[in-house]
Amino acid sequence: MIFDTHAHYDDEAFDADRATLLASMQENGIGCIVNACAAIDGLEKTIALMEKYPFMYGAVGVHPDDADQITPEVLEKIRQLSRNEKAVAIGEIGLDYYWHKEKEEHRIQQDMFRAQLDIAREEKLPFMVHSREAAEDTLNIVREYVKGGMFGGIIHCFSYGREIAREYLNMGLYLGIGGVVTFKNARKLKEVVEYAPLSQLVLETDCPYLAPEPYRGKRNSSLNLPYVAQAVAEIKGVTPEEVIAVTEENAKKLLFCR
Ligand code: NI
């Protein structure tokens, strides 16, 4: 069954029909979903979702957008929540220089990225990275941590080229592939998917964002993942069933490691 490694079902975009939508997942072939925390108030919401739904797991952490709001208390909370048996990763964490241009913001993001990678290491969990317009700094920090010993990770919504992909693949990390791979203008990502071994790819939605074609621009959900599997299958020259089976196995190997 399809494993959605990165979704945001705590988002208000799902307030009107969250229960109905999530009730339809299993009958539509969606086996497991990881809800990724973004904002600080997403921590509790993610825990509530994974406690309510047997197929839902959580990544706990705070997105670089909110790095300046992370206090020592928030870090302690992430650590405590990460000990929940359904917490499967620390995320989404990382660097975003697209929305944040100031040097001082970059410094804070880097400090909080490191602080959360420390938690991943100490709690023996994989990490889930968000990186936008911050290729070099992200790579340097991840490389340093992986060298020191980590429990694997996913570069979520991978948006860089083949050269950067190779670095992460050589570290044994996974690339998260979502709706963007179905876009006509996504030449760079299609090249990365062609280059990367299927054994190091995982599927993700990042919903409510990044709906695949033919729903580009609409609210996304895990129900759209067959379009992503189809696009990956065409690029790799295999069947969508194989893409779904292998990426599910990859996700389980990484995220159910503890
Ligand atoms: Ni996300």
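Predicted model, so just to flag it, every value in this text is computed and none were measured. (Residues numbered from 1 in each chain as written. Predicted model: local features only at pLDDT ≥ 70, side-chain atom pairs only at ≥ 80, totals over all residues. Heavy atoms only, no water.)

With that settled, the discussion passes to the nonpolar core. Counting residues in each nonpolar core, the largest one holds 76 residues, and the members touching the most others are Tyr 9, Tyr 168 and Leu 175. With sequence-adjacent residues up to four places away left out, Tyr 168 is seen in contact with Ala 135, Thr 138, Leu 139, Val 142, Ile 155, Phe 158, Leu 173 and Leu 175. Formed by 15 residues, the second largest nonpolar core is a distinct cluster that contains Cys 32, Val 34, Val 88 and Leu 254. (Core = buried A, V, L, I, M, F, W, Y, C linked by side-chain atoms within 4.5 Å. Buried < 20%, exposed > 50% of the residue type's maximum accessible area, 1.4 Å probe, protein only. Contact = heavy atoms within 4.5 Å.)

Bringing the coordination of the nickel ion into the picture now. Coordination of the nickel ion by the protein comes from His 6 (NE2), His 8 (NE2), Glu 92 (OE) and Asp 206 (OD), over a distance range of 2.1 to 2.2 Å. We note that the donor set of the nickel ion lies within a single chain, spaced as H-x1-H-x83-E-x113-D. Residue His 8 is found in the loop between β1 (2–7) and α1 (18–23), and its partner Asp 206 is found in the loop between β8 (201–203) and α8 (225–236); the two are separated by 198 residues along the sequence. When its relative accessible area of 6% is taken as the criterion, His 8 is described as buried. (Donors = N, O, S within 2.8 Å, 3.2 Å for Na, K, Ca; no water. Helix = DSSP H or I, 4+ residues; strand = E, 2+ residues; numbered from the N terminus.)

Take Asn 35: it is sitting in strand β2 (residues 30–36). Looking at Asn 35, the relative accessible area reads 0%, which means it is buried. A polar contact of 3.0 Å, which involves the side chain of Asn 35, links it to the side chain of Asp 10. (Polar contact = N/O pair within 3.5 Å; in protein donor to acceptor, adjacent residues only side chain to side chain.)

This brings us to helix α2 (residues 42–52). Within α2, burial applies to Gly 42, Leu 43, Thr 46, Ile 47, Leu 49 and Met 50. Buried residues of α2, viewed axially, fall in a sector of 160°; they line one side. Projecting away from the buried face of α2 at angles above 90 degrees are the exposed residues Glu 51 and Lys 52. In this fold, the buried residues of α2 make contact with α1, β2, β3 (56–60), α3 (72–81) and β4 (87–96). (Arc of directions from axis to C-beta.)

When the terminal C-alpha atoms of helix α9 (residues 240–255) are compared, their 22 Å separation across 16 residues agrees well with the 22 Å that a helix rising 1.5 Å per residue should span. Among the residues of α9, those classed as buried are Val 243, Ile 244, Thr 247, Glu 248, Asn 250, Ala 251, Leu 254 and Leu 255. For α9, the angular spread of the buried residues around the axis is 165°, confining them to a single face. Residues Glu 241, Glu 249 and Lys 253 are exposed on α9 and point more than 90 degrees away from its buried face. (Expected span 1.5 Å × (residues − 1).)

Keep in mind these values describe shape, not function.
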